[in-house]
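As a plain string of letters, each chain reads:
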Protein chains: 2
Amino acid sequence: MTPVDRTFDIQLNELKKLVLAMGGHVETALDLATQALTKRQTERFAEVHKVEQAINEEHVKVDSACLHFLAMQGPVAKDLRFIFSIIKLNADLERMGDQAVNIAYTGKDYLNRESIPWPVEIEEMSRIVRLMVRESLDSFVREDVDLARKILLMDDDVDRRKDLVFKKLITYMRDNSQHIESAMDLILIARNLERLGDHATNIAEEVIFVSTGKDVRHGGKFS
Amino acid sequence: MTPVDRTFDIQLNELKKLVLAMGGHVETALDLATQALTKRQTERFAEVHKVEQAINEEHVKVDSACLHFLAMQGPVAKDLRFIFSIIKLNADLERMGDQAVNIAYTGKDYLNRESIPWPVEIEEMSRIVRLMVRESLDSFVREDVDLARKILLMDDDVDRRKDLVFKKLITYMRDNSQHIESAMDLILIARNLERLGDHATNIAEEVIFVSTGKDVRHGGKFS
């Protein structure tokens, strides 16, 4: 192996590590936001913002590393598709951090109001989405297309739960108009969780693209 | 100019044209969705789906063209940053198409229910966001950083209007619990419009990055 090749591999591995660390932070941010909300610990929302700052810093780092890698290594074929995918999933991870922060903001509003009955699906959505984040990135570094496909199915579970949350809370609002703000907060949080699932799905679709060259984003069929 | 240089410029211009066409389709999709909603023309929502299909096809084309360009031309420095930005704004434009379709879906639900008083800010948001789409892409192809900065301010206008829509509709729901679903539809539509504005803002931030090399995405300062 020539020194140039080694640099190539080292840089690629560094990039993978950075992306995995970022995914870990996204999971943490989401976990913190959900726990603060369900355990009514307002003070913990500040921790979500701290973790999001780390995600933002990693976002800038990954972008620079990708630009540098493209300029210096001129990757082709599969390696190029791999970098291409990192550029995109980096954007998804950064926006997942934003969504966790949105949950923290709305969660804070919610905890300042009177409590209302809590649809169990919200915590379930958070749990599934955290798993989706982890497994989408696992599928990415291991190029595990089967796992990536599993994530597309998990997203259907998230969407079903979001529909249930909406249904329950709209019914609740109709009979409890004094608690409309609280119900609306929970609806917006369910919406944020749905979007988090969408971003993890984008990552899984990228994995399928990078590994198979097939584009499944717009109704493309699996092989 | 060597033949290679010409290919480089021709491909770059083709890419710009493709991105502008895609932006035009996003504007059209949003305009159609808003008009169908405000003029109560349910049948026109189908047109939004057709335009979104065109956006999705362009999305795949732009991605392939970028991959091809990176592999064949090995751009560096500013040209590389330019391609890098196209990869990202392509994702933003595609998701704007999704948001227009979301508006069409929710709009269809809304038109099937009883009408409620319509917050004027919804149409205003749609108008501003369409302008943001056009001007963000104009700023991109002309590398007009001043125009890009203007877009960041327009997004504040969109957000302020979204807050007003929320406030008005929550008050309305409290006194008209029989119309909660209709009010919720309009809230979700305002939320979609807010997200459309966010995507245009992402594009403007990319323009600032590509032209100045400065990253303004996470609180980075303008020069």
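Please read all numbers here as calculations on a predicted model, not as lab measurements.

Draft legend 1. Summary view of the overall build of chain A. The helix and strand tally for chain A stands at six helices and zero strands. Ordered by position in the sequence, the α and β elements of chain A form the string α-α-α-α-α-α. Put simply, chain A has 223 residues, and 54% of those count as buried. Restricting to contacts in chain A with at least 6 residues of sequence separation, those with at least 24 account for 80%. A total accessible area of about 9400 Å² is found for chain A, and carbon and sulfur atoms account for 50% of it.

Draft legend 2. A look at the side chain of Ser 85 of chain B. Secondary-structure assignment places Ser 85 of chain B in helix α3 (residues 77-111). Dropping the residues within four chain positions of it, Ser 85 of chain B is found in contact with Phe 140, Glu 206, Phe 209 and Val 210 of chain B.

Draft legend 3. Representation of the side chain of Glu 194 of chain B in the model. Locating Glu 194 of chain B in the fold gives a position in helix α6 (residues 180-212). Those residues in contact with Glu 194 of chain B, other than ones at most four positions away along the chain, are Met 125, Val 158, Asp 159 and Lys 162 of chain B.

Draft legend 4. Spatial organisation of the pattern of salt bridges. One pass over the structure, following the stated rule, counts 35 salt bridges over all chains. Through salt bridges with shared partners, a single ionic network connects Asp 63 of chain A together with Lys 88 and Glu 206 of chain B.

Draft legend 5. Molecular detail of the interface of chain B and chain A. Every contact between the two is made by 36 residues of chain B and, on the other side, 36 residues of chain A. For the pair chain B and chain A, the summed buried surface comes to about 3500 Å²; carbon and sulfur atoms form 66% of the total. The largest share of the area that chain B buries against chain A comes from Leu 67, Phe 84 and His 218 of chain B, three residues that together contribute 18% of it. Here Asp 92 of chain B makes a salt bridge to Arg 95 of chain A, at a shortest N to O gap of 3.1 Å. At the junction of chain B and chain A, the tally comes to seven residue pairs in polar contact (both at pLDDT 80 or more). Every element with two or more residues in the side of chain B that touches chain A is listed here: α2 (45-73), α3, α5 (145-175) and α6 of chain B. The element that contributes the greatest number of residues to the side of chain B that touches chain A is α6 of chain B, accounting for 11 residues. Per-class residue counts for the side of chain B that touches chain A are 16 nonpolar, eight polar and 12 charged.

Draft legend 6. How the structure looks around the relation of the copies chain B and chain A. Superposing chain B onto chain A takes a rotation of 180 degrees plus a shift of 0.0 Å along the axis, which leaves an RMSD of 0.0 Å. Between the two chains, the operation in question is that of a two-fold axis. A symmetric contact is evident, with 100% of the interface residues of chain B recurring at the interface of chain A.

Draft legend 7. Summary view of the packing of aromatic side chains. Evaluation of the coordinates by the stated rule reveals six aromatic pairs over all chains. In this structure, Lys 162 of chain A packs its charged tip against the face of Phe 166 of chain A, placed 5.0 Å from the ring centre.

Draft legend 8. Local environment of the packing of helix α4 (residues 121-142) of chain B against α5 of chain B. Residue and element names in this part refer to chain B. It is at 9 Å that the axes of α4 and α5 come closest, and there the two elements cross at 165 degrees. Between α4 and α5, the angle falls in the class roughly antiparallel. Crossing handedness for the pair α4 and α5: left-handed. Here the contact of α4 with α5 is built from residues that sort into 13 nonpolar, two polar and 11 charged.

Draft legend 9. The arrangement of the environment of Glu 94 of chain B in detail. Looking at the element boundaries, Glu 94 of chain B is found in helix α3. Classification of Glu 94 of chain B by relative accessible area gives buried; the value is 9%. In sequence terms Glu 94 of chain B and Glu 121 of chain B are 27 residues apart; their C-alpha atoms lie 25 Å from each other. Excluding residues within four positions of it along the chain, Glu 94 of chain B makes contact with His 218 of chain A together with Met 22, Ile 55, Asn 56 and His 59 of chain B.

Draft legend 10. Examining unusual backbone geometry more closely. Residue and element names in this part refer to chain B. Phi at Arg 40 is positive, roughly 55 degrees, even though this residue is not glycine. Within the secondary structure, Arg 40 sits in the loop between α1 (3-38) and α2. The phi dihedral of Ala 77 falls on the positive side, at around 45 degrees, and the residue is not glycine. Assignment of secondary structure puts Ala 77 in helix α3.

Draft legend 11. Structural view of α4 of chain B. The end-to-end C-alpha distance of α4 of chain B, which contains 22 residues, comes to 31 Å, matching closely the 32 Å that a straight helix rising 1.5 Å per residue would cover. Phi for Glu 143 of chain B, located one or two positions after α4 of chain B, is positive at around 50 degrees.

Draft legend 12. Representation of the state of the cysteines within the structure. In total, this model carries zero disulfides over all chains according to the counting rule given. Cys 66 of chain A carries a free sulfur, and the closest cysteine sulfur to it, the one in Cys 66 of chain B, is 14 Å from it.

Draft legend 13. Inspection of the confidence of the model for chain A at higher detail. Across chain A, the average pLDDT comes to 93, with 96% of residues at 70 or higher. For this predicted complex, the interface confidence reaches an ipTM of 0.88, while the overall pTM sits at 0.91.

Draft legend 14. How the structure looks around the environment of Ile 86 of chain B. All names here are of chain B. Turning to its location among the elements, Ile 86 is positioned in helix α3. Taking the C-alpha atoms as reference points, Ile 86 and Phe 140, separated by 54 residues in sequence, lie 9.3 Å from one another. Ignoring sequence-local partners within four residues, the contact set of Ile 86 consists of Leu 15, Val 19, Val 62, Cys 66 and Phe 140.

Draft legend 15. Inspection of the environment of Ala 36 of chain B at higher detail. Secondary-structure assignment places Ala 36 of chain B in helix α1. Those residues in contact with Ala 36 of chain B that lie beyond four places of it in its chain are Gln 41, Arg 44, Phe 45 and Leu 111 of chain B.

Each value, and the rule that gives it
Residues numbered from 1 in each chain as written. Chains lettered and ligands numbered in written order. Predicted model: local features only at pLDDT ≥ 70, side-chain atom pairs only at ≥ 80, totals over all residues. Heavy atoms only, no water. Helix = DSSP H or I, 4+ residues; strand = E, 2+ residues; numbered from the N terminus. Buried < 20%, exposed > 50% of the residue type's maximum accessible area, 1.4 Å probe, protein only. Contact = heavy atoms within 4.5 Å. Areas by Shrake-Rupley, 256 points an atom, 1.4 Å probe, with all protein chains shown as cover. Salt bridge = Lys/Arg side-chain N within 4 Å of Asp/Glu carboxyl O. Buried area = accessible area lost by both parts, 1.4 Å probe. Polar contact = N/O pair within 3.5 Å; in protein donor to acceptor, adjacent residues only side chain to side chain. Nonpolar A, V, L, I, M, F, W, Y, C, P; charged D, E, K, R; others polar. Least-squares fit on C-alpha atoms with pLDDT ≥ 70 in both. Phe/Tyr/Trp six-rings, centres within 6.5 Å; stacked < 30°, edge-to-face > 60°. Lys NZ or Arg CZ within 6 Å of the ring centre and 35° of its normal. Axes fitted to C-alpha atoms, helices over the stretch in contact; angles between N-to-C directions. Parallel < 35°, antiparallel > 145°, perpendicular 65-115°, else oblique. Left-handed = near helix turned anticlockwise from the far one by under 90°. Expected span 1.5 Å × (residues − 1). Disulfide = S-S within 2.5 Å. pLDDT = per-residue confidence, 0-100.

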